[in-house]
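Descriptive analysis of the structure
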Amino acid sequence: MSNKINKKVCTISYGCQMSERDAETLTAISEKNGYARTENPEQADLIIINTCCVRESAENKIIGKIGQLKKLKEKKTQLKIAVAGCMIQQPGLLEKLQKKAPHVDIWTGTFDHHQFKDLLRTADQGGKASLVSEAACETTEVVPLAEKGKLQTNVNIMYGCDNYCAYCIVPYVRGRERSRPMDVILDEIRTLVENGCRDVTLLGQNVNSYGKKDGFAYDFSDLLTEIDKIKGLYRIRFMTSHPKDFSDKLIETVARGEHICEHFHLPFQAGSNQVLTTMNRGYTREYYLERIARILEIVPEARLTTDIIVGFPGETEEDFELTLDLVNTVPFNQAFTFMFSKRSGTAGALLQDQVPLDIKKNRLQRLMALQNSQSLSWRQKMIGNRYEILVEGPSKSDPKYLTGRTRGNEIVVFESREDLVGSLVSVTIRSANSWTLFGELSEP
Ligand code: SAM
Ligand code: SF4
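Residues numbered from 1 in each chain as written. Chains lettered and ligands numbered in written order. Predicted model: local features only at pLDDT ≥ 70, side-chain atom pairs only at ≥ 80, totals over all residues. Heavy atoms only, no water.

In spatial order, the strands read E12-E13-E14; together these three strands make up an open sheet with parallel pairing. The open sheet has two edge strands, strand E12 (263-265) and strand E14 (334-339), and neither has a second partner. Strand-to-strand, the axes of this sheet are offset by a mean angle of 10°, without reference to chain direction. Strand direction decides the pairing type here: strand E13 (residues 303-310) and E14, joined by six bridges, are parallel. Of the residues in E14, the one forming a bridge with Ile308 is Thr337. Packing of helix H13 (residues 357-381) onto the sheet brings it into contact with E13 and E14, and relative to E14 it is tilted by some 175°. (Pairing = 2+ DSSP bridges. Helix = DSSP H or I, 4+ residues; strand = E, 2+ residues; numbered from the N terminus. Axes fitted to C-alpha atoms, helices over the stretch in contact; angles between N-to-C directions. Contact = heavy atoms within 4.5 Å.)

In structure tokens:
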């Protein structure tokens, strides 16, 4: 394979942080094999589409995108197109897509990153390559070259999921739960920090069950405590916490930690016990509220975020009102809200009582309106206070301003003449909308 650096790779990724992390791995492998990064698909010699299948809407968008690339390939015959990610792990879908999109050169699944270099070589030599393995039991991580100066990075601490929530396709396309050993994770983070990373997000579908199935002698809280000792790392975040495994030990570890951010992403999905039971979530509304109360007792400054699904099969208006009530009760800083999407192969797809689309849309709008006003009042309460901000770079809308994040992951925009990127500064909040805070640099 040619190592000339005049070829370019453009990666387009869909879906969650885990998917983003996969995209980063594939991009870094391409980079190591002669492709420089570009964000412009028109300039690329290799386009990687990293897919997601958690909801049907994303899947439709991706299929459309793959179709559009046909024209680009006709114009630029040397262009290589790779399709990766969890969408093609679904039974039967790969074959269908291969027929529909013969212009794609590489098909690669979520378990085959370690082979991507070989697939790329085949495509570079003019061949077609396809490798989509069905399942993985080991945790061989292809650690990408840590991009120099990249401040924020996602780090996988575990893969897959054993929870089988009735709506969710993840266990089917990402395999059974398996955790990476602590020493391997610590080594990866130390290397990232040497290359300029200051903020890591530890990723797992249920970080609170880290190591349990693999019989590790340490748990997620112990892992956090060790990561907190790494010199040069300013911030440690983690997601996702499943309420059913959420322990007091974890809350206490966050309270004690120096660099562990006081941010808990704790999806509740539905406010009604009847819906939670059908969803197979393994907790009740009362238990969830008790866990929130415990967080706020031990970490009063905690930031709380959540995921919510509306229109799960069988959800009545009364059930939905219990979801609204929960949002009214818990001071969520932000909520990611979704309409239930039927995923083939999951238990939820087989349930009778599907909620009509117009009702799902109406519930989503009501929920979003409520959460937006809660998010705004939460941010308005921050006005006048000072926060520690990790400066990320110039604001996209106006480069005269800098942008950064609080420990609670809120975005803050402020004016500065100095280049403060990568440093921790103190900013006083002056105004807010539902998504962004605007502030002024304060004296340390
Ligand atoms: N492991 C995480 C947890 O249990 O909270 C969630 C991972 S999932 C990729 C992210 C979110 O997508 C879920 O919390 C859920 O709200 C949403 N989601 C998953 N499957 C869905 C479906 N079929 N329809 C709508 N939303 C869905
Ligand atoms: Fe999906 Fe539930 Fe596993 Fe989260 S815990 S990935 S929602 S099955």
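Here the focus is the site of ligand 1. Taken together, 15 residues sit near ligand 1, with Tyr167, Gln205, Gln269, Asp307 and Ser341 positioned nearest. Separating an oxygen atom of ligand 1 from a side-chain N or O atom of Arg55 is a distance of 3.0 Å. Arg281 places a polar side-chain atom, nitrogen or oxygen, 3.2 Å from an oxygen atom of ligand 1. Surface burial for ligand 1 is 93%, taken as the share of its 560 Å² of free accessible area covered by protein chains. For the shell around ligand 1, the secondary structure elements donating two or more residues are E13 and E14. Of the residues contributing to the shell around ligand 1, the split by class is seven nonpolar, four polar and four charged. (Near = heavy atom within 4 Å. Polar contact = N/O pair within 3.5 Å; in protein donor to acceptor, adjacent residues only side chain to side chain. Areas by Shrake-Rupley, 256 points an atom, 1.4 Å probe, with all protein chains shown as cover. Nonpolar A, V, L, I, M, F, W, Y, C, P; charged D, E, K, R; others polar.)

This brings us to the site of ligand 2. Cys161, Asn163, Tyr164, Cys165, Tyr167, Cys168, Val170, Pro171, Gln205, His242 and Arg281 make up every residue found near ligand 2. Here the residues of the shell around ligand 2 sort into seven nonpolar, three polar and one charged.

Turning our attention to the sheet that holds strand E10 (residues 199-203). The three strands lie next to each other as E7-E10-E11, forming an open sheet whose pairing is parallel. Of all strands in the sheet, those bounded by a partner on one side alone are strand E7 (152-156) and strand E11 (235-239). For this sheet, the mean angle separating the axes of adjacent strands, direction not counted, is 25°. Sheet topology places E7 next to E10; five bridges connect them, and they run parallel. Within E10, the residue paired with Asn156 across the bridge is Leu203.

Looking now at the nonpolar core. By size, the foremost hydrophobic cluster in this structure holds 62 residues, and its most contacted members are Ile189, Leu202, Phe220, Ile227, Phe238 and Phe264. The element best represented in this core is helix H6 (residues 182-194), accounting for six residues. Those residues in contact with Ile189 that sit more than four places away from it in its chain are Val155, Val200, Leu202, Ile227, Ile230 and Leu233. (Core = buried A, V, L, I, M, F, W, Y, C linked by side-chain atoms within 4.5 Å. Buried < 20%, exposed > 50% of the residue type's maximum accessible area, 1.4 Å probe, protein only.)

Turning to the pattern of salt bridges, a few remarks are in order. Enumeration according to the criterion identifies 33 salt bridges in this entry. A salt bridge links Glu188 to Arg180; its shortest N-O distance comes to 2.8 Å. Here the two residues Glu188 and Arg180 agree in accessibility, since each one is buried. (Salt bridge = Lys/Arg side-chain N within 4 Å of Asp/Glu carboxyl O.)

For the coordinates displayed, the defined rule picks out twelve aromatic pairs. Between Tyr283 and Tyr288, the aromatic rings sit 6.2 Å apart at their centres with planes inclined by 35°, giving tilted as the arrangement. Here Tyr283 falls in the buried class, since its relative accessible area comes to 7%. Taking relative accessible area as the criterion, Tyr288 reaches 1% and is therefore assigned buried. Each residue in the set Phe220, Phe238, Phe246 and Phe264 is aromatic and connected to the rest through ring pairs, giving one cluster. (Phe/Tyr/Trp six-rings, centres within 6.5 Å; stacked < 30°, edge-to-face > 60°.)

Taking 1.5 Å as the rise per residue, helix H11 (residues 317-329) with 13 residues should run 18 Å; its terminal C-alpha atoms sit 18 Å apart, in good agreement. All of the buried residues in H11 are Asp319, Phe320, Thr323, Leu324, Leu326 and Val327. Mapping the buried residues of H11 onto a view down its axis gives an arc of 155°, with all of them on the same face. On its buried side, H11 packs onto helix H9 (273-279), helix H10 (285-298), E13 and H13. (Expected span 1.5 Å × (residues − 1). Arc of directions from axis to C-beta.)

In this section: the environment of Cys52. The topology assignment puts Cys52 in the loop between strand E3 (46-51) and helix H2 (56-75). Through-space distance from the C-alpha of Cys52 to that of Ile298 is 36 Å; in sequence the pair is 246 residues apart. In this structure, Cys52 is in contact with Tyr14, Gly15, Ala58, Glu59, Ile62, Cys86 and Met87, ignoring residues within four places of it in sequence.

The next point concerns the pairing of strand E17 (residues 411-415). Where strand E16 (residues 401-405) meets E17, five bridges bridge the pair, whose relative direction is antiparallel. Residue Tyr401 lies in a different strand from E17, and its bridge partner there is Glu415. Judged from the five bridges that link them, E17 and strand E19 (residues 436-441) form a sheet pairing that is parallel. Bridged to Val413 within E19 is Phe438.

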